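Per-entry structural report
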Amino acid sequence: WDAGVVRRLFLLPSTRDCSFLPGGLSEYQARVLAAPSDGWPTQQHWFTPSPRSRGLVDKPVLLMTGDSDVIYPSSLTWDVFRELFPHAERRVVRGQAHCFVDPGWETAFAAPLVDWIVSAADSCTVRADMPA
């Protein structure tokens, strides 16, 4: 792989820089190229069920996909994801490719993610006087 492949797979063709990392696009590309074949910062793929992911079946789960994701297009992933996580919600993020680091990621991706996390946390709060 080289930086050109990283750009074609993970970014919009119009992306010339990213504010996600202090070193911008150069640092992003270097981290991706130095990562194991599974990618950076991938911890686990959602389509490979594990003991950790099976524990999420009855929990709030969010699938966020970029509207320009060429690796996992939303139209192809939602049905499988919904089968694995029946209570899942989906957000298709406009103006973003696979890694959500294209210009505007802060408002297109990060802000809705934070809103969803806050909402999910509020819905999962257990009162101190209720048995767990």
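Below or above, wherever it landed, is the structure these notes cover. Note that the structure is a prediction, hence the values are computed from the model and not measured.

Note on placement: Val101 falls in the loop between strand S2 (88–93) and helix H5 (105–124). By relative accessible area, which is 1% here, Val101 ends up buried. In this structure the C-alpha to C-alpha distance between Val101 and Thr15, which are 86 residues apart in sequence, comes to 8.9 Å.

Here we take up the side chain of Gln96. Among the structural elements, Gln96 can be located in the loop between S2 and H5. One polar contact links the side chain of Gln96 to the main-chain amide nitrogen of Asp102, over a distance of 3.2 Å. Here Pro103 takes part through its backbone oxygen, which lies 3.2 Å from a polar atom of the side chain of Gln96. Excluding residues within four positions of it along the chain, Gln96 makes contact with Leu12, Gly66, Asp67, Ser68, Asp69, Val101, Asp102, Pro103, Gly104, Trp105 and Ala108.

Turning our attention to the packing of helix H1 (residues 3–10) against helix H2 (residues 24–34). Helix packing geometry: the angle between the two helix axes and the distance between the axes. For the pair H1 and H2, interaxial distance at closest approach is 10 Å and the crossing angle is 95°. Put simply, H1 runs roughly perpendicular to H2. In this structure, H1 uses Ala3, Val6, Arg7 and Phe10 to contact H2, whose residues at the interface are Leu25, Tyr28, Gln29, Val32 and Leu33. Split by residue class, the contact of H1 with H2 holds 7 nonpolar, 1 polar and 1 charged.

So, about the nonpolar core. In summary, soluble globular proteins display a tendency toward joint burial of nonpolar side chains. Counting residues in hydrophobic clusters, the biggest one holds 9 residues: Val6, Phe10, Leu11, Cys18, Leu21, Leu25, Tyr28, Val32 and Val101. Only H1 and H2 provide two or more residues apiece to this core. By residue number, the principal contributor to this core is H2, which donates 3 residues. Filtering out sequence-adjacent residues up to four positions away, Cys18 remains in contact with Gly24, Leu25, Tyr28 and Val101.

We now examine the pattern of salt bridges. Close approach of charged atoms allows side chains with opposite charge to pair. What the rule picks out here adds up to 3 salt bridges. Of the charged contacts, one joins Glu27 and Arg31 as a salt bridge, the two residues approaching to 3.0 Å between their closest N and O atoms. On the criterion of helical spacing, the pair formed by Glu27 and Arg31 is a turn pair, its members being 4 residues apart in helix H2. Glu27 gets classed as partly exposed once you look at its relative accessible area, which sits at 22%. The partner of Asp58 in a salt bridge is Lys59, and the shortest N-O contact between them spans 3.1 Å. Asp58 gets classed as exposed once you look at its relative accessible area, which sits at 54%.

Time to look at H2. Listing the buried residues of H2 in full gives Gly24, Leu25, Tyr28, Gln29 and Val32. The buried residues of H2 occupy an angular sector of 135° when projected down its axis, which confines them to one face. Exposed residues lying more than 90 degrees from the buried face of H2 are Ser26 and Ala34. Close packing links the buried residues of H2 with H1.

Here the phi dihedral of Phe100 falls at roughly 55°; this positive angle occurs in a residue that is not glycine. Structurally, the position occupied by Phe100 is in the loop between S2 and H5.

About the criteria used
- Numbering of residues starts from 1 in each chain and follows the order in which that chain's sequence is written.
- pLDDT decides what is reported in this predicted model: residues at 70 or higher carry local features, side-chain atom pairs at 80 or more are listed and counted, and totals for whole chains, interfaces and linings draw on all residues regardless.
- Hydrogens and waters are ignored; side-chain quantities use all the structure's heavy atoms.
- For helices the rule is a DSSP run of H or I covering at least 4 residues; for strands it is a run of E covering at least 2, with both sets numbered from the N terminus onward.
- Each residue is assigned to one of three classes by its accessible area relative to the maximum for its type, calculated with a 1.4 Å probe on protein chains only: buried under 20%, partly exposed between the two thresholds, exposed over 50%.
- Within 3.5 Å is the distance limit for a polar contact, defined as a pair of N or O atoms, with the added protein rule that one can donate a hydrogen and the other accept it, and that residues adjacent in sequence qualify only through two side-chain atoms.
- Any two residues whose heavy atoms approach within 4.5 Å are treated as being in contact.
- In this description, a line fitted to the C-alpha atoms serves as the axis of each element, helices being fitted only across the stretch in contact, and the angle between N-to-C directions of two axes falls anywhere from 0 to 180 degrees.
- Any angle from 65 to 115 degrees is called roughly perpendicular, while one under 35 is roughly parallel, one over 145 is roughly antiparallel, and all others are oblique.
- Gly is put with the polar residues, along with every residue not named as nonpolar or charged; the nonpolar set is Ala, Val, Leu, Ile, Met, Phe, Trp, Tyr, Cys and Pro, and the charged set is Asp, Glu, Lys and Arg.
- Take the buried residues of types Ala, Val, Leu, Ile, Met, Phe, Trp, Tyr and Cys, join any two whose side-chain atoms come within 4.5 Å, and each joined set is a nonpolar core.
- The rule for a salt bridge is simple: a side-chain nitrogen of Lys or Arg has to be within 4 Å of a carboxyl oxygen of Asp or Glu.
- Here, the arc refers to the directions that run from the helix axis to the C-beta atoms.

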